[in-house]
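The lines below spell out each chain.
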Amino acid sequence: MEHIRTTKVEQVKLLDRFSTSNKSLTGTLYLTATHLLFIDSHQKETWILHHHIALVEKLALTTSGCPLVIQCKNFRIVHFIVPRERDCHDIYNSLLQLSKQAKYEDLYAFSYNPKQNDSERLRGWQLIDLAEEYKRMGVPNSNWQLSDANREYKICETYPRELYVPRIASKPIIVGSSKFRSKGRFPVLSYYHEHKEAAICRCSQPLSGFSARCLEDEHLLQAISKANPVNRYMYVMDTRPKHRMQSWWATQKDIGRIIVRISSKIWNDEKIRESDEKKRLNAMANRAAGKGYENEDNYSNIRFQFVGIENIHVMRSSLQKLLEVNGTKGLSVSDFYSGLESSGWLRHIKAVMDAAIFLAKAITVESASVLVHCSDGWDRTSQVCSLGSLLLDSYYRTIKGFMVLIEKDWISFGHKFSERCGHLDGDPKEVSPVFTQFLECVWHLTEQFPQAFEFNEAFLVQIHEHIHSCQFGNFLGNCQKEREELKLKEKTYSLWPFLLDDQKKYLNPLYTSKSPKFTVLEPNTVSFNFKFWRNMYHQFDRTLHPRQSVFNIITNMNEQNKQLEKDIKDLESKIKQCKNKPTDGILTKELIHSVHPESPTLKTSLCFKEQTLLPVNHALRTIEGSNPADNRYSEYAEEFSKSEPGVVSLEYGVARMTC
Amino acid sequence: MEFSDLIRTRRAQAKLLRGPEAPPLRGTLCLTGHHLLLSPGPQATSELWLLLLRSVDSIEKRVASDSGTITLRCKDLRVLQLEIEGVEASLDIARSIEALSSLESVITSFPFFYRPKGLRLGDAWHFHPPERYYKRVARETNAWRLSEVNEDFSVCPSYPRAVIVPRSVDDGALARSARFRQGGRFPVLSYHHAPSGTVLVRSSQPLTGPQKRRCAEDEELLRAVLAGARPGARGFIVDTRSSQAAKQARMTGGGTEAKAAYPGWKRLHRPLERGQPLQESFVRLVEACGDLQQSTDSWLRRLEGCCWLAHVKEALSTACLAAQGMEREGACILVHGAEGTDSTLLVTSLAQLILDPLSRTMAGFQELVEREWIQAGHPFQLRCAHSAFSHARPKHEAPTFLLFLDCVWQLGRQFPLSLEFGEGLLLALFEHAYASPFGTFLCNSERERCLCEVRTRTHSLWSGLNQPKEQRKLRNPLYAPNPLAIWPSVELQSLRLWQGLFLRWIRPPEPSEVAWEKVWQIVTDKEKTKLSQPTVSASEPQL
């Protein structure tokens, strides 16, 4: 609270960035400990959570006041004009302080109180149980078991306590392998495909220059491939772009690693062969000494695959470019599309999608297990593993299943939410929209498969809202260990039960749940299937959206159908009852009323009324949203107003002549 | 000339490939005067496959040692491949298709032979003429009358027999005004907006010429337009050319209304693309859509390069401008470009769709297309002679009508509950405008249609479409009448490529079609429960 100097400013103007008329709303701005609140003259409230604020800018003073532009992480951009510069300065400084907290304990989640008692809160946290989820997948089983190696976070701080590994992988092997992998993130199970008996595993990159090779790591990989009784071949997917890796390779000193990771395919690659000529000679020498080639034999059942997903820095600047382009008012076609192209955003989305499709195909077509890694194994690896599982398993396409998927592949495996979302005042270079990309990939899937998902777009947008809001504990911290230290489960609430309570809003009315568990989605990644996600990046720009929502109307109809069917049944059973009792009319009527306090016809007519009213209501609301003044048809608004004096003076002229 | 002269080989064995999704079809290929048929063997279960030759846009042949491959690119953007046994046969068939698909004569075209079951000739032809619209206008205002000055098409060959004009202007003045307008297209009523008492009027450019000619009757006509509207109404002339193009038109005898000559009217220039550049934009877009291998970047570059969405945006915003002028500013609007048969109609028809709830119904939209496009003299035969695949040098081709349909589709996407018809109707109109067994889109004007006796000798598309069995395809199940104007957003973020048309034959249709089927199911479920409800409650009093 010590940061707040001014709590209330009156006569503040709010500008709409896509409206042509430069029309503004005048209202009062309030600054609270957690939110910035604007109430306009129609009593409409705009709440902005401090944690959502990504950037505050004070622009040069104008005649009408001091402009204050606030950019939010949920893609809201608000433009206030504060009449007095001093107020503007106060608010600006307060927001600068409030939007960047130094300590976790100052985040909203630690003060947020939704009026629940401790047991309710605990139950909320227990809603998603990952042990239960692994059981659902069919592990532990004869090939996979729960390892207690990381029980105390001794092997890997950024992994969860419970990890599933091949049964034949002993603890020394795990420990050895973890020393060979960056941040100790050794290969573990992410998803088990019960039907194909194949697994998705994840890890980080092998450490360069540590040692020539690591037998334990080789053993662990062998164990993973042996845990698949159907196909001994396994894929190692490096999600980084090949061209980057080639230059990186050239600096590598250890040959053992290369042999481990290079499949016959890569050996045939001319470029690699040249750049690694020297190392290959080394390998020949090793072979002469009776070493080296054993490796290649050992790993002959590994196929190596690059998929080119760029790193977090590329992604961050890509999104930045995208937002810059689309934030402009009155874009021309060429601005829009060349901006979309040069941002590369859709290309990156496609790369993630392609990787996930490759993964899903390896499992469904070849029944092969796949080991996925990138550098640290918490960004691109999380994207590919979770999206791949989503393609494979219809459970993850339900509301609950999607929560489980996020808990498993993102939260528990240590995607650094706090750093990537910039929850605290930290290194801006660590911020990156990795999770946003994942949500966008899921959105593209919902567009291609409108019936495959139990949830709708709003669900994805809502989750995106809360990864930044710091209102719930789920996304705070960077790994499970940190979360335990923060005692999040005791001090904060879980997001999921709140979303479940509200699930009516997030249901896809077209969802067909009949599809069996392993219905695999096979998305088509032809380039025209990748579209700009307006409802995410312009979610607050009301004027850009369709004026009527199909989803709402279908959901309503569905509900009415159910209600009416229920009514019919009720009435039918009542008729039966009445027929069974040969009494006179009055008594029957009484009976009806006693069974059903309201008259059934009244009830249904109410229902109909609501239904006929609904579209009209909707239309009324839409018209409010669909005002010609809100739309940029052209500069005609000025033309129309310009024309006015012309006509008037003409009339004057006529008047004078008649005089 | 007999068709048989053009048919070199009637029959051949062939295999038909219909794109990546549909399975290939094998059978006997037959060529008739109007159709290409593929009849699968007697044991096959699939039905006879039929293609109207008129819908072939371009044909490409390749021969191997003992067979030939013909690639047919259709006007509805479908690409078909025929593998035909025998080199000679395949070449003959290719040549015959080429000759038959490009026949110029109207009265030997298929609509004059098409006699479907269940339809009667002459049905629905009198559904929509201007007289019908005039009845509606007459209920709303007394300032307009129906003139038969064009009874014999002598005043304006591209107008229908009856047009709606200001009551105070007599037929003689109309005829003189017609001489001052290109092609005789003098200002006529397009739409009367009752809530504001203003009107939408369309015409062609005035023949001002380099001498800055004037025409008293034309000036009087436009004065009468303003006088008929609410008192003190102003007028805007929306010229669909740039001001420079309008000035240049003066050199060739055209031009614009001089400010001094038309008091109360103010001119706005909203340049819309037309003619060849529009056709090229269409061709380039279709080319880009056909390339499945390209990267996301190159796709975006080509989407930008073809400018199609820019044309959509411009057309919509000009229509909104006209509509806004009427509804919000209470002004009368006159729209014209040069000839007044292309972008003019685009603007007036879209503006009506935005303002008029009736034109958003199934019947109302059909009436709008009939009145504002067909009867208003959009030269369909010239504009739709070829679609995007033709190698022939474009002469008069331009996808203006397709642009209109695309704009309607964008409106429907932004107001998914406000149009009674769905994408199906728009797709059907696109298909039939380019090649159709019905006579509705034949010829370039009412006059030509009368000469060819289209009305009495062919079936109307409207009666074909309004058969009950077609309804599920064409209707929007979610329609709920919306009495208000629908103002679309024309920001690029709100406009989308019409995938249902441009990618119709390229992407697998299933998921979205299945989803649409589900929507229908939900809606019909609702109707069913709604119907059964009263019967149950009706049984109540009997107890």
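- An unreviewed UniProt entry annotates chain B as Myotubularin-related protein 9-like of Acinonyx jubatus.

- Per an unreviewed UniProt entry, the recorded name for chain A is Myotubularin-related protein 6 isoform X1, and the organism is Acinonyx jubatus.
- Its UniProt record gives chain A the following Sequence similarities (unreviewed entry) comment, quoted word for word: "Belongs to the protein-tyrosine phosphatase family. Non-receptor class myotubularin subfamily."

**Considering the domain arrangement of chain A**
Residues and elements named next belong to chain A.
Logical step 1: Domain boundaries in chain A define domain 1 (8-100) and domain 2 (123-247 + 285-538).
Logical step 2: Distance from the C-alpha centre of domain 1 to the C-alpha centre of domain 2: 37 Å.
Logical step 3: Each partner contributes residues to the interface: domain 1 has 11 residues there, and domain 2 has 18 residues.
Logical step 4: Taken over both partners, the interface formed by domain 1 and domain 2 buries close to 1300 Å², and the fraction arising from carbon and sulfur atoms is 56%.
Logical step 5: For the pair domain 1 and domain 2, the number of links is 0 salt bridges.

**A word on the domain arrangement of chain B**
All names here are of chain B.
Logical step 1: On domain assignment, one finds that chain B holds domain 1 (4-103) and domain 2 (130-499).
Logical step 2: Between the C-alpha centres of domain 1 and domain 2 there is a distance of 37 Å.
Logical step 3: Between domain 1 and domain 2, the residue contacts involve 12 residues of the former and 15 residues of the latter.
Logical step 4: Taken together, the connections running from domain 1 to domain 2 amount to 0 salt bridges.
Logical step 5: Those elements giving two or more residues to the side of domain 1 that touches domain 2 turn out to be β5 (56-63) and β6 (67-74).

**A look at empty space enclosed by the protein**
All names here are of chain B.
Logical step 1: Inspection of the entire model under this criterion finds 10 cavities of 30 Å³ or more.
Logical step 2: A volume near 350 Å³ is recorded for the largest cavity.
Logical step 3: Lining the largest cavity we find 27 residues, and of these Arg-54, Ser-109, Tyr-434, Ala-435 and Leu-442 sit closest to its centre.
Logical step 4: When residues of the lining of the largest cavity are traced back to their parent elements, those giving at least two are α12 (380-383) and α14 (423-434).
Logical step 5: The leading source of residues in the lining of the largest cavity is α14, at 3 residues.
Logical step 6: Residues of the lining of the largest cavity, tallied by class, amount to 17 nonpolar, 8 polar and 2 charged.
Logical step 7: Mapped onto the domain boundaries, the lining of the largest cavity takes at least three residues apiece from domain 1 (4-103) and domain 2 (130-499).

**Concerning the packing of aromatic side chains**
Logical step 1: Inspection of every chain in the model, using the stated rule, returns 50 aromatic pairs over all chains.
Logical step 2: Centre to centre, the rings of Phe-75 of chain A and Tyr-537 of chain A are 4.8 Å apart; their planes meet at 65°, and the pair counts as edge-to-face. Of this pair, Phe-75 of chain A sits in the loop between β6 (66-72) and β7 (77-82) while Tyr-537 of chain A sits in helix α24 (residues 534-537); the two residues are 462 residues apart in sequence, bridging distant segments of the chain. Each member of the pair, Phe-75 of chain A as well as Tyr-537 of chain A, is classed as buried.
Logical step 3: Measuring from ring centre to ring centre gives 6.0 Å for Phe-282 of chain B and Trp-308 of chain B, while their planes differ by 40°; the resulting arrangement is tilted. Here Trp-308 of chain B lies in helix α9 (residues 308-327) and Phe-282 of chain B lies in helix α7 (residues 275-290), a separation of 26 residues in the sequence.
Logical step 4: Judged by its relative accessible area of 1%, Trp-308 of chain B is buried.
Logical step 5: Pairwise contacts between aromatic rings join Phe-402, Trp-410, Phe-417, Phe-435, Phe-438, Phe-453, Phe-455, Phe-459, Phe-475, Trp-496 and Tyr-506 of chain A into one cluster.

**What about the sheet that holds strand β2 (residues 25-31) of chain B?**
Residues and elements named next belong to chain B.
Logical step 1: The sheet built from 7 strands is open, its strands ordered β4-β3-β2-β1-β7-β6-β5 with antiparallel pairing. Looking at which strands have only one partner, the edges of the open sheet turn out to be β4 (49-52) and β5. Within this sheet the neighbouring strands show an average axis-to-axis angle of 30°, counted without direction.
Logical step 2: In terms of strand pairing, strand β1 (residues 11-17) meets strand β7 (residues 79-85) through 4 bridges, oriented antiparallel. Along β7, the bridge assignment pairs Ala-14 with Ile-84.
Logical step 3: Running over the sheet, helix α2 (residues 87-101) touches β1, β2, β3 (35-39), β5, β6 and β7 and is turned about 165° from β5.

**Considering the UniProt feature "binding site: substrate" (unreviewed entry) in chain A**
All names here are of chain A.
Logical step 1: The positions UniProt marks with the feature "binding site: substrate" (unreviewed entry) are Asn-311, Ile-312, Cys-374, Ser-375, Asp-376, Gly-377, Trp-378, Asp-379 and Arg-380. Spanning 70 residues, the named residues form one tight spatial group whose C-alpha atoms are at most 12.3 Å apart.
Logical step 2: With respect to the helices, strands and loops of the structure, Asn-311 is situated in the loop between β13 (302-306) and α12 (312-326).
Logical step 3: Classification of Asn-311 as partly exposed rests on a relative accessible area of 22%.
Logical step 4: In this structure the side chain of Asn-311 is engaged in a polar contact, spanning 3.0 Å, whose partner is the backbone nitrogen of Val-314.
Logical step 5: Within the secondary structure, Asp-379 sits in the loop between β14 (369-373) and α15 (380-392).

What counts as what
Along each chain, residue indices are assigned from 1 in the same order as the chain's sequence is written. Here chains are named by letter from A upward and ligands by number from 1 upward, in the order in which they appear as written. With the structure being a predicted model, the display of local features is reserved for residues of pLDDT at least 70 and the display and counting of side-chain atom pairs for 80 or more, all residues being used for whole-chain, interface and lining totals. The basis for every side-chain value is the complete set of non-hydrogen atoms in the structure, without hydrogens or water. UniProt positions are given in the numbering used here, feature names are shortened, and annotations may be inferred rather than shown by experiment. Note that the domain bounds reflect an automated or database-derived domain assignment. The contact criterion used is simple: two residues touch if any of their non-hydrogen atoms lie within 4.5 Å. Here the buried area means the combined drop in accessible surface, using a 1.4 Å probe, for two parts upon being joined, counting both sides. Any carboxyl oxygen of Asp or Glu that lies within 4 Å of a side-chain nitrogen of Lys or Arg is treated as forming a salt bridge with it. What counts as a helix is a DSSP run of H or I of at least four residues, what counts as a strand is a run of E of at least two, and both are numbered from the N terminus. Buried and open spaces are told apart on a 1 Å grid over the protein atoms alone, a cavity being a set of points where a 1.4 Å probe fits but cannot get out and a pocket being an open set with protein on both sides within 12 Å along at least five of seven lines. Residues with an atom within 4 Å of a point are the lining residues. Grid points are joined across faces, edges and corners, and a volume is the space filled by probe spheres set on the points. Only Asp, Glu, Lys and Arg are considered charged in this grouping, and only Ala, Val, Leu, Ile, Met, Phe, Trp, Tyr, Cys and Pro are considered nonpolar; every other residue, Gly among them, is considered polar. Pairing of aromatic side chains requires ring centres within 6.5 Å, counting the rings of Phe and Tyr and the six-membered ring of Trp. Pairs whose planes differ by under 30 degrees are stacked, by over 60 edge-to-face, and all others tilted. For every residue, the accessible area (1.4 Å probe, protein chains only) is compared with the maximum for its type, and the residue is labelled buried under 20%, exposed over 50%, or partly exposed between those bounds. Two strands qualify as a pair provided DSSP detects at least 2 bridges between them. Interaxial angle, 0 to 180 degrees, is taken between N-to-C directions of lines fitted to C-alpha atoms, where a helix line uses only the stretch in contact. N or O atoms closer than or at 3.5 Å make up a polar contact, with two conditions inside protein: a donor-capable atom paired with an acceptor-capable one, and, for residues adjacent in sequence, both atoms drawn from side chains.

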